[in-house]
Amino acid sequence: MTVDSKIAGEFCGMLLPAKKIAIVGHHNPDGDCIGSLTGMKAWLDSLFGGKEPVKVSTLVPNHIPYYLMFMDGADSVVLYSDNPDKATSILEEADTIICMDLNDLARTEEMADIIRKSAARKILIDHHPFPEKFADLTVSETEVSSASELAWWLICEASLKTGTEIPVECKASLYTGMMTDTNNFCNSVFPSTFLMASQIAEAGIDREKIQMEIMNSFSEERMRLMGLMLKDKMTVYPDLKAAVLVLDQETKDKYNYRDGDSEGFVNLPLKIRDIEISALFTQGNGYIKVSLRSKGAVSVNRLCRLFFNGGGHERAAGGRLYDKPIEEVADYFEKSLRLFLGGFSA
Ligand SMILES: [Mn+2]
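Residues numbered from 1 in each chain as written. Predicted model: local features only at pLDDT ≥ 70, side-chain atom pairs only at ≥ 80, totals over all residues. Heavy atoms only, no water.

## Some details on the pairing of strand E1 (residues 20-24)
The two faces of a sheet get side chains in turn, since along a regular strand they alternate between them.
Turning to step 1, where the next piece is worked out: Among the five residues in E1, four count as buried, and that is most of the element.
Turning to step 2, where the next piece is worked out: Where E1 lies against strand E4 (residues 96-100), four bridges are found, and the strand directions are parallel. When the bridges of E4 are listed, Ile21 appears paired with Thr96. (Buried < 20%, exposed > 50% of the residue type's maximum accessible area, 1.4 Å probe, protein only. Helix = DSSP H or I, 4+ residues; strand = E, 2+ residues; numbered from the N terminus. Pairing = 2+ DSSP bridges.)

Here it is as structure tokens:
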């Protein structure tokens, strides 16, 4: 994939008059979110370097998982949950707002209203289907691995136009974002993804370090929790080709759960030969978090929209349940999936 030169031109045109830029990511930020935010900031700092100072801020609604904090710029991302006043004033003062890795402004939680009301120029860079139309410029592409990869192709084109050098911090961040969103080159990988990886590898980033930080940095408790989930907390429905993992609060407490500890767990049941749909239900914060994955033809995006108050990609989606006790979610999943596979549609 490539980003159209005209779109890159529009992107540059919107940035050039900017004095205060806010880059915003989604609730429960993942590697792609933090990678695309910090990568874009590093590039913008290079774009504006040496000229009149342009303030570039990065914001997300809530906590960043500890294993992403190694990324350059991750520690200066403003968390709305910890600093609502600061986040609000950054957004209100911004003349340009760039949203990344989200197709629905609601995914910025409390920041959505502020962004909606703002008179700032708005840009959306995203790879989910059906992007909400709120931005002046929408760079949206679904045939791409990640927001980070899309940002890479946009930044390459924009760098040519503006004569900007792409800093190594930008490359490392975007590489990390792409790597995490593809589950280390397993899902949603396109030919362009390898091209990006190759171009960035040539730039001399420390791939081994990134690999180590992302793939091999489990805490002992997280590793043991993963074992327990597979042994005691997984239900398999062979006739539905589905499996469910349920992570309740009691288990979280027992294993000293930290945000992000269950990252990737939802992919584990898909390692079973005939399992094509996998679900992870996580209790906490007044609702049950739903993660769905598919390795076959079933659209978990539609399944999620219909039964789990959410959506996402065809093979990876998320939602929330507000009124179900944790003990009942596996049954609810089974019933919903039966209806769905039977042709139910709302
Ligand atoms: Mn993403």
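## A word on the coordination of the manganese ion
Turning to step 1, where the next piece is worked out: Note on the manganese ion: its protein donors are Asp32 (OD), Asp101 (OD), His127 (NE2) and Asp181 (OD). The metal-donor distances range over 2.1 to 2.4 Å.
Turning to step 2, where the next piece is worked out: Mapping the donors of the manganese ion onto the primary sequence yields the spacing D-x68-D-x25-H-x53-D. In this pair, Asp32 sits in helix H2 (residues 31-48) while His127 sits in the loop between strand E5 (121-126) and strand E6 (137-140), placing the two residues 95 residues apart along the sequence. Just as Asp32 is buried, His127 falls in that class too. (Donors = N, O, S within 2.8 Å, 3.2 Å for Na, K, Ca; no water.)

## Digging into the side chain of Ser291
Turning to step 1, where the next piece is worked out: Among the secondary structure elements, Ser291 is positioned in strand E10 (residues 287-294).
Turning to step 2, where the next piece is worked out: Under the relative-accessibility criterion, Ser291 is labelled buried at 12%.

## Considerations on the environment of Glu109
Turning to step 1, where the next piece is worked out: The topology assignment puts Glu109 in the loop between E4 and helix H4 (111-117).
Turning to step 2, where the next piece is worked out: When the C-alpha atoms of Glu109 and Asp274 are compared, they prove to be 37 Å apart, with 165 residues separating the residues in sequence.

## Focus: the domain arrangement of the protein chain
Turning to step 1, where the next piece is worked out: Domain parsing of the protein chain yields domain 1 (5-215) and domain 2 (220-341).
Turning to step 2, where the next piece is worked out: Here the C-alpha centroids of domain 1 and domain 2 sit 28 Å apart.
Turning to step 3, where the next piece is worked out: Between domain 1 and domain 2, the residue contacts involve 13 residues of the former and 14 residues of the latter.
Turning to step 4, where the next piece is worked out: Counting the surface lost from both domain 1 and domain 2, the interface buries some 1,100 Å², and carbon and sulfur atoms represent 44% of this.
Turning to step 5, where the next piece is worked out: Together, Tyr66, Tyr67 and Pro129 form the three largest contributors to the area buried by domain 1 at its contact with domain 2, with a combined 43%.
Turning to step 6, where the next piece is worked out: Viewed at the interface, domain 2 and domain 1 are joined by one salt bridge.
Turning to step 7, where the next piece is worked out: For the salt bridge of Arg320 with Glu109, the shortest nitrogen-to-oxygen distance reads 3.3 Å.
Turning to step 8, where the next piece is worked out: Linking domain 1 with domain 2 are six residue pairs in polar contact (both at pLDDT 80 or more).
Turning to step 9, where the next piece is worked out: Along the lines of polarity and charge, the residues of the side of domain 1 that touches domain 2 split into five nonpolar, seven polar and one charged. (Domains from an automatic or database assignment. Contact = heavy atoms within 4.5 Å. Buried area = accessible area lost by both parts, 1.4 Å probe. Salt bridge = Lys/Arg side-chain N within 4 Å of Asp/Glu carboxyl O. Polar contact = N/O pair within 3.5 Å; in protein donor to acceptor, adjacent residues only side chain to side chain. Nonpolar A, V, L, I, M, F, W, Y, C, P; charged D, E, K, R; others polar.)

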